[in-house]
Amino acid sequence: ASAAGDAAERKAKKYRIDLAKVKAGQDTRRTVMLKNIPNSFTQEFLISILESIIPASYIFVYMPVDFETNCNLGFGYVSVADLASLVKLYECMHMKKWPHTSSKKTCEVVYARIQGNRDMRRICKDWTVMQLPEKYHPVFFKREIGRAHV
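Caption draft 1: Fine view of the overall build of the chain. If you tally the helices and strands in the chain, you get five helices and nine strands. Among the 150 residues that make up the chain, the fraction classed as buried is 41%. Considering only contacts within the chain whose residues lie at least 6 apart along the sequence, 62% involve residues at least 24 apart. For the chain, the exposed area adds up to about 8600 Å²; of that, 53% sits on carbon and sulfur atoms.

Caption draft 2: Structural view of the side chain of Asn72. Take Asn72: it is sitting in strand β4 (residues 71–72). There is a polar contact of 2.7 Å between the side chain of Asn72 and the backbone oxygen of Pro38. Here the side chain of Asn72 touches Gly74 through a polar contact of 2.6 Å, landing on its backbone nitrogen. For Asn72, the contacting residues outside a window of four places in its chain are Ile37, Pro38, Asn39, Ser40, Phe41, Met63, Pro64 and Val65.

Caption draft 3: Examining the packing of helix α3 (residues 43–53) against helix α4 (residues 83–93) more closely. Contact geometry for α3 and α4: axes closest at 10 Å, N-to-C directions at 110°. Comparing the axis directions of α3 and α4 gives the class roughly perpendicular. Taking contact as the criterion, the partners of Ile49, Leu50 and Ile53 in α3 are, on α4, Lys88, Leu89, Cys92 and Met93. Grouping the constituent residues of the contact of α3 with α4 by class yields six nonpolar, no polar and one charged.

Caption draft 4: Summary view of the packing of aromatic side chains. Counted according to the given criterion, the structure contains three aromatic pairs. Between Phe41 and Phe45, the ring centres sit 4.7 Å apart and the planes meet at 75°, which makes this aromatic pair edge-to-face. The class of Phe45 is partly exposed, set by a relative accessible area of 29%. Aromatic pair Phe41 and Trp98: ring centres 5.5 Å apart, planes at 80°, arrangement edge-to-face.

Caption draft 5: Highlighting the nonpolar core. Ranked by size, the top nonpolar core spans 34 residues in total, and within it Ile17, Val32, Leu34, Leu46, Met93, Trp98 and Val109 carry the most contacts. Going through the elements one at a time, α2 (19–23), β1 (31–35), α3, β2 (58–62), β5 (75–80), α4 and β7 (106–111) are the ones with two or more residues in this core. Look past the residues within four positions of Val32 in its chain and what remains in contact with it is Ile17, Gly76, Tyr77, Val78, Leu86, Leu89, Val109, Val110, Tyr111 and Ala112.

Caption draft 6: A look at the side chain of Asp27. As for its position among the elements, Asp27 is in the loop between α2 and β1. A relative accessible area of 13% means that Asp27 is categorised as buried. At 2.8 Å, the side chain of Asp27 and the side chain of Arg29 are in polar contact. Not counting residues up to four positions away in its chain, the partners in contact with Asp27 are Lys21, Val22, Leu83 and Tyr111.

Conventions used here
- Residues numbered from 1 in each chain as written.
- Predicted model: local features only at pLDDT ≥ 70, side-chain atom pairs only at ≥ 80, totals over all residues.
- Heavy atoms only, no water.
- Helix = DSSP H or I, 4+ residues; strand = E, 2+ residues; numbered from the N terminus.
- Buried < 20%, exposed > 50% of the residue type's maximum accessible area, 1.4 Å probe, protein only.
- Contact = heavy atoms within 4.5 Å.
- Areas by Shrake-Rupley, 256 points an atom, 1.4 Å probe, with all protein chains shown as cover.
- Polar contact = N/O pair within 3.5 Å; in protein donor to acceptor, adjacent residues only side chain to side chain.
- Axes fitted to C-alpha atoms, helices over the stretch in contact; angles between N-to-C directions.
- Parallel < 35°, antiparallel > 145°, perpendicular 65-115°, else oblique.
- Nonpolar A, V, L, I, M, F, W, Y, C, P; charged D, E, K, R; others polar.
- Phe/Tyr/Trp six-rings, centres within 6.5 Å; stacked < 30°, edge-to-face > 60°.
- Core = buried A, V, L, I, M, F, W, Y, C linked by side-chain atoms within 4.5 Å.

In structure tokens, the structure reads:
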């Protein structure tokens with residue numbers, strides 16, 4: 001194996017979710033990247049899928065969109081409220097076809113590089129996307145109260 005291939009594998013492994021470690025409390029990361037999202041999905045549609053799987057258990061959702069074509073870029077980020085929700089989301093979505101669509105794409109669920117609600121808020125505040133209309137913004141949820149935007 002090449003050195004570059006080994007480095008790529010180590011990097012991929014760093015973001016791979018190991019359910020045994022999550023269930024044992026050895027890995028407590030709660031922000032994931034959803035990959036291979038059908039390009040026609042809106043952020044609201046993605047939230048409706050999340051709601052059907054882990055109702056009221058997500059605290060951050062962001063799906064980047066090309067605002068010229070109004071299509072998403074094929075990935076999104078979700079922070080969940082607890083590890084049980086992470087397990088359920090992973091079990092229901094990872095390497096499965098997207099629900100409520102005829103798309104043949106298979107969802108992948110991996111850890112996001114950036115973890116933590118505070119870090120997400122800090123980073124989002126500086127994104128140029130925050131200058132665009134609200135429908136392109138990341139969404140932060142307050143579990144007890146409902147939606148709260150940055």
